[in-house]
Structures are given as C-alpha cells and as structure tokens.
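The primary structure of each chain is shown beneath.
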Amino acid sequence: TNSSGWYRTCAAPARTPIAASASFFDRRSLRREVEVANQGVTQAGFVLTRLLPTHIAGALMDATTEEPVTEATVWLRGTDMRTLTDGHGRFQLKEVPPGRYMLMTDHIAYGTKMDTLEVPVGGRIMVDMRLDTRAIEIAPLTVTADALPIPEVARGGIQITRADID
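Residues numbered from 1 in each chain as written. Predicted model: local features only at pLDDT ≥ 70, side-chain atom pairs only at ≥ 80, totals over all residues. Heavy atoms only, no water.

**Q** Quick rundown of the overall build of the protein chain? Include the residues and the values.
**A** Assigned secondary structure in the protein chain consists of two helices and 11 strands. N-terminal to C-terminal, the α/β element order of the protein chain is β-β-β-β-β-β-β-β-β-β-β-α-α. Taking 2.2 N^0.38 as the reference for a compact globule, 166 residues should give roughly 15 Å; the C-alpha atoms of the protein chain span a radius of gyration of 27 Å, well beyond that estimate. If one aligns the C-alpha atoms of the protein chain with their principal axes, the spans along those axes are about 100 × 45 × 30 Å. By the burial criterion, 28% of the 166 residues in the protein chain qualify as buried. Long-range pairs, those at least 24 residues apart, make up 48% of the contacts in the protein chain between residues at least 6 apart in sequence. Only carbon and sulfur atoms are counted for the fraction: they give 53% of the accessible area of the protein chain, which is about 12300 Å². (Helix = DSSP H or I, 4+ residues; strand = E, 2+ residues; numbered from the N terminus. Rg over C-alpha atoms; globule rule 2.2 N^0.38 Å. Buried < 20%, exposed > 50% of the residue type's maximum accessible area, 1.4 Å probe, protein only. Contact = heavy atoms within 4.5 Å. Areas by Shrake-Rupley, 256 points an atom, 1.4 Å probe, with all protein chains shown as cover.)

Pasting the structure below:
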C-alpha cells in the first residue's frame with residue numbers, strides 16, 4: 001500500500017474469483033472474493049482487526065441413504081486448506097481465518113459440490129452436508145484393439161495345426 005493505504009494489483013484475470021485479504025503485524029482483515037470485470041477496475045476495501053481463527057468440523061452424508069461419504073475431498077476455494085473425509089464421512093479444517101469462503105467437496109460418485117460458508121471470528125463451527133449422486137459426464141472415449149495373428153500369440157506349449165490333425 002502507499003502512505004494513504006491505497007493498493008493496486010495489475011494483470012488480475014477478468015471474471016475469475018480472486019481471494020483477497022490484508023494484514024499488518026498482528027491485525028488481519030476478513031478474507032473475501034472479488035472479481036474484476038473484463039478490462040475493468042474493482043475496488044475492495046479491508047478493515048484490519050485482531051482476528052482469531054476458527055476450527056471447522058463436519059460430515060458428508062448421502063442424501064438418500066444417510067450413509068457417510070468417505071474419501072471425498074473437502075477444501076476451501078482460493079486457499080490451500082484441503083482434507084479427505086474419514087471412514088465416517090467426517091472432516092476437519094483447523095486454523096481457518098474468518099471470512100466468506102466457498103466450501104467445495106469432490107467425490108467420484110457425487111461430483112463436485114459447493115456451498116457458501118461464513119466463518120466467524122474464533123470458535124468452532126459444524127458443517128453437515130447431504131450429497132446426492134448424479135451422473136458425471138465425461139468426454140467420449142474411443143477404444144481400438146488390434147488382434148495379432150495366431151502364430152504370434154501362441155507362446156510356449158504345443159501348437160496343433162489342421163495338417164497335424166489329418
């Protein structure tokens with residue numbers, strides 16, 4: 001920042017969520033996402049205070065069967081905070097700075113889901129999510145198999161031909 005507290009970031013990608021926060025010694029701002037319009041300018045102000053991190057715990061469950069969703073990836077978009085659900089569908093994210101996040105989940109059977117999460121200052125919050133299965137579209141695949149002539153396939157053993165039978 002300059003002496004008046006103004007800052008500038010150049011070459012920020014347009015229409016892409018950018019995680020932003022500010023800090024100065026022991027004071028931090030809430031984390032927030034901002035987007036820059038195409039060839040535009042965006043202003044984002046921050047208030048610096050002493051912020052205590054929050055502990056997030058939760059569970060992912062199948063919406064239909066109520067069974068836990070195991071080995072799903074859970075993360076906060078725009079951060080390096082990432083974990084896997086355990087055998088009971090539970091997860092934990094520790095020392096999360098306060099702010100607004102997109103809580104993301106990803107599992108092969110359930111696809112990628114997201115929900116907005118407001119993380120308060122200090123303490124603990126519990127997050128339980130119910131996931132439903134959906135077909136996951138993938139790009140078409142083309143499989144080609146080439147057959148080898150029998151003499152090249154036969155390895156070891158005895159090869160009997162029609163002439164041997166006659």
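**Q** Break down the side chain of Lys113 for me, with residues and values.
**A** Here Lys113 shows up in strand β10 (residues 111-119). In this structure the side chain of Lys113 is engaged in a polar contact, spanning 2.9 Å, whose partner is the backbone oxygen of Tyr110. Those residues within four positions of Lys113 in sequence are excluded, and the remaining contacts are Leu103, Met104, Thr105, Leu131, Asp132 and Arg134. (Polar contact = N/O pair within 3.5 Å; in protein donor to acceptor, adjacent residues only side chain to side chain.)

**Q** Please give an account of the sheet that holds strand β6 (residues 73-76) that cites residues and values.
**A** Taken together, the four strands give an open sheet; going across it, the order is β7-β6-β9-β10, and neighbouring strands pair in antiparallel fashion. Each end of this open sheet is capped by a strand with a single partner; those strands are β7 (82-84) and β10. Each adjacent strand pair in this sheet contributes to an overall mean axis angle of 20 degrees, direction not counted. (Pairing = 2+ DSSP bridges. Axes fitted to C-alpha atoms, helices over the stretch in contact; angles between N-to-C directions.)

**Q** Quick rundown of the pattern of salt bridges? Include the residues and the values.
**A** The tally for this structure, following the rule as stated, stands at six salt bridges. Close ionic contact of Asp132 with Lys113 constitutes a salt bridge, the shortest N to O distance being 3.6 Å. Of this pair, Asp132 sits in the loop between β11 (124-131) and α1 (150-153) while Lys113 sits in strand β10, and the two are 19 residues apart along the sequence. A single salt-bridge network, built from bridges that share partners, covers Arg31, Glu33 and Arg77. (Salt bridge = Lys/Arg side-chain N within 4 Å of Asp/Glu carboxyl O.)

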